[in-house]
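Coordinate analysis (summary)
Chain by chain, the residues run as shown.
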Amino acid sequence: MTKHSKRSPSGAKRWGTCTACIDFEEYLLQRKKIFPQQQDSTGAAALGTAVHSLIEKCILRGLDPDDFEGKKIGQFFVDLEMIRGADIFTTYVRTKQQEYELQGNKVVLIPEQTFDLSFLGIEDCEQGTADCVLISDCGAFHVIDYKNGRNYVSEVDNWQLKLYARAAIEYICQNNLAYIEDITEIHLTIVQPNCPGSEPIRSEVIPTEKLLDWTDDFIERLEEPKQFVAGDHCDYCPCAGFCEAQAKHAAEIACADFDEPCESDDIDFSGVEIPEDIAVNVITYEKFLMNFIAECKKRIHTLMIEGQATDYMKDHFELVYSRKNTTLVKGAENILGLYVDDEFIYAEPKLKPLTDLKRVCKKQLTKDEYEEVLSDITFKPQGDIIRL
């Protein structure tokens, strides 16, 4: 999707569980408590978009990712890391296609397709773009989604993939590519090569009937009176740090499993030592609590930056900008390689320090070229707001 709607499939777990969150977000926006989220044009999101484009080009043209090495896609020159991620995805798709074809089955492959979701009747959830859909006439139906980030995305009960699958089924039936009765099982697959400590390809297989039932339940839930429900889906919610339900949930899990402390002079120490299962539960709650604390910090930071801090805030916080140094952008070696020979920019196996690279460029480039290259290969991160 070129523009995310309020109810985009990627956020379905959040707005499908906490059905009041979209209206609350609008309330906070109108009162300028929060601000519209800006699209990340240079960072991780833009890099993910570039890798998605690389994958699409490979599948549509029948090419391999390394055919694009050094070429520019979006704002990035294709490097080995981008090639590795795209190769894992395209190899998986092509292997699945070949497996079915060797069994004598026909295969329909639909890469990077925007599917209509309006038939579900969900307000402001009109379409979603699936990275790849593969249909075999043996009854198998695959929805394959690429995630370039490092934060783990589970394939189990993935609401985004389920919405994509339901929309894709509607699409293929309307276009006579298959009949719904012929689809026996749905393969929901996440390809995530950059997540440390996990398999890069993970799939959940569910019967088609189960997907249809889930969709009906999902729509019914949205038709019920709106309510606030806190949980792991709060992680990326714009309302985090403002939401009473989130604060209450944080307080509940912080106090969970603990009895009132013993006040007797004759203490039974075996009774006050927390057992191992409670220690495990505390660690399990860590992510939610840390995210809630981070969002509260961000809220206070924003108010202080904008000069809206209360006296109470000023009594507890003083905020200053930390200093950060200029650093090289991802893919800087590709840009430098267009102007300077490798022997001048590498101190094997890594690039030379930025100071040395500047010196080399100054000697070998014109003033205009030097300024252009320097602006392309470096950036200065905005200073963080830190609490003293």
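Let me begin by describing the structure that accompanies this report. (Residues numbered from 1 in each chain as written. Predicted model: local features only at pLDDT ≥ 70, side-chain atom pairs only at ≥ 80, totals over all residues. Heavy atoms only, no water.)

With respect to topology, 5 strands assemble into an open sheet ordered β3-β4-β5-β6-β7, the strand pairing being mixed. Edge positions in the open sheet fall to β3 (107-116) and β7 (201-207), since each of these has one partner strand only. Neighbour to neighbour, the strand axes of the sheet diverge by 25° on average, direction disregarded. The pairing of strand β6 (residues 185-191) with β7 spans 7 bridges and is classified as antiparallel. Among the inter-strand pairings, Ile-186 is bridged to a residue of β7, identified as Ile-206. Across the sheet, helix α5 (residues 159-174) touches β3, β4 (127-136), β5 (140-146), β6 and β7, and the angle it forms with β5 is around 130°. (Pairing = 2+ DSSP bridges. Helix = DSSP H or I, 4+ residues; strand = E, 2+ residues; numbered from the N terminus. Axes fitted to C-alpha atoms, helices over the stretch in contact; angles between N-to-C directions. Contact = heavy atoms within 4.5 Å.)

Next up on the list: the side chain of Asn-194. Mapped onto the secondary structure, Asn-194 falls in the loop between β6 and β7. Among the residues examined, Asn-194 registers a relative accessible area of 9% and is labelled buried. Within polar-contact distance, the side chain of Asn-194 engages the side chain of Arg-84 at 2.6 Å. Not counting residues within four places of it along the chain, the set of residues in contact with Asn-194 comprises Glu-81, Arg-84, Tyr-146, Asn-148, Gly-149 and Arg-150. (Buried < 20%, exposed > 50% of the residue type's maximum accessible area, 1.4 Å probe, protein only. Polar contact = N/O pair within 3.5 Å; in protein donor to acceptor, adjacent residues only side chain to side chain.)

Turning our attention to the side chain of Glu-155. Topologically, Glu-155 is positioned in the loop between β5 and α5. We classify Glu-155 as buried; its relative accessible area is 11%. Residues contacting Glu-155, with those up to four places away along its chain left out, are Leu-188, Ile-190, Arg-202, Ser-203 and Glu-204.

Further remarks concern the nonpolar core. By size, the foremost hydrophobic cluster in this structure holds 35 residues, and its most contacted members are Trp-15, Val-133, Phe-141, Val-143, Ile-186 and Phe-218. Mapped onto this core, the elements with two or more residues apiece are α1 (12-17), α2 (21-30), β3, β4, β5, α5, β6 and α6 (208-223). Here Trp-15 is in contact with Lys-6, Arg-7, Ser-8, Cys-21, Ile-22, Ile-122, Cys-125, Leu-163, Phe-218 and Leu-222, once residues within four sequence places are set aside. In terms of nonpolar packing, the next biggest core, distinct from the first, is built from 22 residues, Ile-55, Tyr-92, Ile-144 and Val-191 among them. (Core = buried A, V, L, I, M, F, W, Y, C linked by side-chain atoms within 4.5 Å.)

Here we take up a negative patch on the surface. On the surface, Glu-209, Asp-213, Asp-216, Asp-217, Glu-220, Glu-223 and Glu-224 cluster together into a patch of negative charge. One can find Glu-220 in helix α6. Here Glu-220 falls in the partly exposed class, since its relative accessible area comes to 47%. (Patch = residues over 30% accessible without salt bridge, like charges linked within 9 Å, V, L, I, M, F, W, Y side chains within 5 Å. Areas by Shrake-Rupley, 256 points an atom, 1.4 Å probe, with all protein chains shown as cover. Salt bridge = Lys/Arg side-chain N within 4 Å of Asp/Glu carboxyl O. Lys, Arg positive; Asp, Glu negative; His and termini not counted. Charge placed at Lys NZ, Arg CZ, Asp CG, Glu CD.)

What follows is about the pairing of β5. With 7 of 7 residues buried, β5 is to be regarded as a mostly interior element. Here β5 shows no split at all, with Ala-140, His-142, Ile-144 and Tyr-146 on one side and Phe-141, Val-143 and Asp-145 on the other all buried. Of the strand pairs in this sheet, β4 and β5 are connected by 4 bridges, and their pairing is antiparallel. Residue pairing in the sheet places Leu-134 in a bridge with His-142 of β5. One ladder, built from 7 bridges, connects β5 with β6; its direction is parallel. What sits directly across from Tyr-146, in β6, is Val-191. Note that the unit made of β5, α5 and β6 has a crossover that is right-handed. (Right-handed = clockwise from strand over helix to strand, strands pointing away.)

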